[in-house]
Amino acid sequence: MDQGDVVPIAELWEERRYLLDVAHWMLGDPGAAEAVVDEAYRRWYGLSGAARRQVAVPRSWLAKTVGGICLGRRALPGRDTADHAAGHGRPSEAEEAGRAVLTALESLSTAERAAFVFRAFGLAPGTVAGIVGRPEPELAELAARARQLVQSQRARSTAPHQHDTVVRAVHRACLTEDGELLTSLLCPDVTAFFDGGGKIRALTGPLHGSRPVADNLLTLLARRPHTTLSTHSVNGRTGLVARYGHQVTAVISLDVAHDRVALFWVMLNPDKLRPWNRPPTDGATRPDASP
């Protein structure tokens, strides 16, 4: 190993967790995800040293490889579906919400699921097109349809008034930049997705844990001149909308499990925010969003 191969431990583990997340959301099975990621690393080290040095962004190469392996596994006849109820002990609130999303993903075609997952994890449209073997415009349509299906099928076990109470408390915590309060409103293993669409600098892949999610949300929504945050209907439930001046810059939907947030879906992609920034016609209201 030469000096150029040395990578900080934190970066190594963040990379592996990112790849495991991609595989898990594609296959719905943590054990299968581990096997896929192990295979991707075997293929990486199967390259010659010269070939590895030619890869500008190893993480992108590995993500593309993981995506290809996952698609191959999903194409196998008689592929076992994931047992989302498996596990030991009672699942956490965030795990239950995550399983609801995985269950919704199972209703999608493989192409729709791939478009949804790979774009949610920040892979560039061209890279996704190469993995799935579909043109970019078609993938954009597949991803949009998949988002709508997932949003409509996610379990909504929390009563509307309870959901509203939690979201408004999150709103207050963000406005006052109260990290302790915000953290207390989140499940310990809360997950946040950030959709920048490759058109704005945003986190790629999901963020896990109440403290990291709270810290990143407070940084993203920090009070600055001309920056505002309000509650608004998002996908039929109360969500959050951030503006810079009169421009909508982020739309956030939240999944609440009992009295805490289990999932955040943060839409930052300027293309998807266009409907929110069109002048409303007479009698029209702002659209709901599909992060």
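Because the structure is a prediction, the values reported are computed rather than measured. (Residues numbered from 1 in each chain as written. Predicted model: local features only at pLDDT ≥ 70, side-chain atom pairs only at ≥ 80, totals over all residues. Heavy atoms only, no water.)

This part is about the sheet that holds strand β5 (residues 247-257). Overall, mixed pairing links the six strands, which are arranged β2-β1-β6-β5-β4-β3 in an open sheet. Looking along the sheet, the strands with just one partner apiece sit at the ends: β2 (207-208) and β3 (227-234). In this structure, strand β1 (residues 186-195) lies alongside β2, joined through two bridges in antiparallel fashion. Its bridge partner lying in β2, Ala192 is registered against Leu207. Against the sheet, helix α12 (residues 270-277) makes contact with β1, β3, β4 (237-244), β5 and β6 (260-267), and its axis sits at roughly 100° relative to β5, the strand it touches most. (Pairing = 2+ DSSP bridges. Helix = DSSP H or I, 4+ residues; strand = E, 2+ residues; numbered from the N terminus. Contact = heavy atoms within 4.5 Å. Axes fitted to C-alpha atoms, helices over the stretch in contact; angles between N-to-C directions.)

Looking now at the environment of Leu254. Turning to its location among the elements, Leu254 is positioned in strand β5. For Leu254, a relative accessible area of 2% corresponds to the buried category. Sequence separation between Leu254 and Arg237 is 17 residues, and the spatial gap between their C-alpha atoms is 8.4 Å. (Buried < 20%, exposed > 50% of the residue type's maximum accessible area, 1.4 Å probe, protein only.)

Another point: helix α11 (residues 210-220). The complete set of buried residues in α11 reads Ser210, Val213, Ala214, Leu217 and Leu218. Buried residues of α11, viewed axially, fall in a sector of 125°; they line one side. Looking at the buried positions of α11, the neighbouring elements they touch are α9 (160-175), α10 (179-184), β1, β2 and β6. (Arc of directions from axis to C-beta.)

Another point: the packing of helix α2 (residues 30-46) against helix α4 (residues 58-74). Helix-helix packing: each pair is described by the crossing angle between the helix axes and the interaxial distance. Direction vectors running N to C along α2 and α4 enclose 125°, while the axes themselves pass 9 Å from each other. The orientation of α2 with respect to α4, classified from their angle, is oblique. At the point where α2 passes α4, the crossing takes the right-handed sense. Here Ala32, Ala35, Val36, Val37, Glu39, Ala40, Tyr41, Arg43 and Trp44 of α2 lie close against α4, whose contacting residues are Pro58, Trp61, Leu62, Thr65, Val66, Ile69, Cys70 and Arg73. Along the lines of polarity and charge, the residues of the contact of α2 with α4 split into 13 nonpolar, one polar and three charged. (Parallel < 35°, antiparallel > 145°, perpendicular 65-115°, else oblique. Left-handed = near helix turned anticlockwise from the far one by under 90°. Nonpolar A, V, L, I, M, F, W, Y, C, P; charged D, E, K, R; others polar.)

It is worth spelling out the nonpolar core at this point. In globular proteins that are soluble, nonpolar side chains generally tend to be buried together. Counting residues in hydrophobic clusters, the biggest one holds 48 residues, and the most contacted among them are Val66, Leu105, Phe118, Phe121 and Val132. Elements with a contribution of two residues or more to this core: α1 (9-27), α2, α4, α5 (93-106), α6 (110-120), α7 (125-132), α8 (136-153) and β6. Examining the composition of this core, we find that eight residues originate from one element, α1, more than from any other. In contact with Phe118, not counting residues within four places along its chain, are Val22, Met26, Gly67, Leu123, Val128, Ile131 and Val132. Counting residues in each nonpolar core, the second largest holds 32 residues, with Phe194, Ile252, Ala257 and Val266 among its members. (Core = buried A, V, L, I, M, F, W, Y, C linked by side-chain atoms within 4.5 Å.)

What follows is about the pattern of salt bridges. Any two side chains of opposite charge can pair, so long as their charged atoms come close to each other. If you walk through the whole model with that rule in mind, you get 10 salt bridges. As a salt-bridge pair, Arg16 and Asp38 come within 3.0 Å of each other at their nearest N and O atoms. One end of the pair, Arg16, is in helix α1; the other, Asp38, is in helix α2, and 22 residues separate them in sequence. Residue classification places Asp38 among the partly exposed positions, given a relative accessible area of 31%. One salt bridge in this structure joins Glu106 and Arg113, with 2.8 Å as the shortest N-O distance. When its relative accessible area of 24% is taken as the criterion, Glu106 is described as partly exposed. Since its relative accessible area comes to 0%, Arg113 is described here as buried. Members of the salt-bridge network, linked through shared partners, are Arg16, Glu34 and Asp38. (Salt bridge = Lys/Arg side-chain N within 4 Å of Asp/Glu carboxyl O.)

The next point concerns the packing of aromatic side chains. In the structure shown here, the tally under the stated rule is six aromatic pairs. A ring pair is formed by Tyr18 and Phe121, whose centres lie 5.9 Å apart and whose planes are at 70°; its orientation type is edge-to-face. With Tyr18 in helix α1 and Phe121 in the loop between α6 and α7, this pair connects stretches of sequence that are 103 residues apart. On the accessibility criterion, Tyr18 (7% relative accessible area) is buried. The lysine or arginine in question, Arg59, covers the ring of Tyr18, its NZ or CZ lying 3.9 Å from the ring centre. (Phe/Tyr/Trp six-rings, centres within 6.5 Å; stacked < 30°, edge-to-face > 60°. Lys NZ or Arg CZ within 6 Å of the ring centre and 35° of its normal.)

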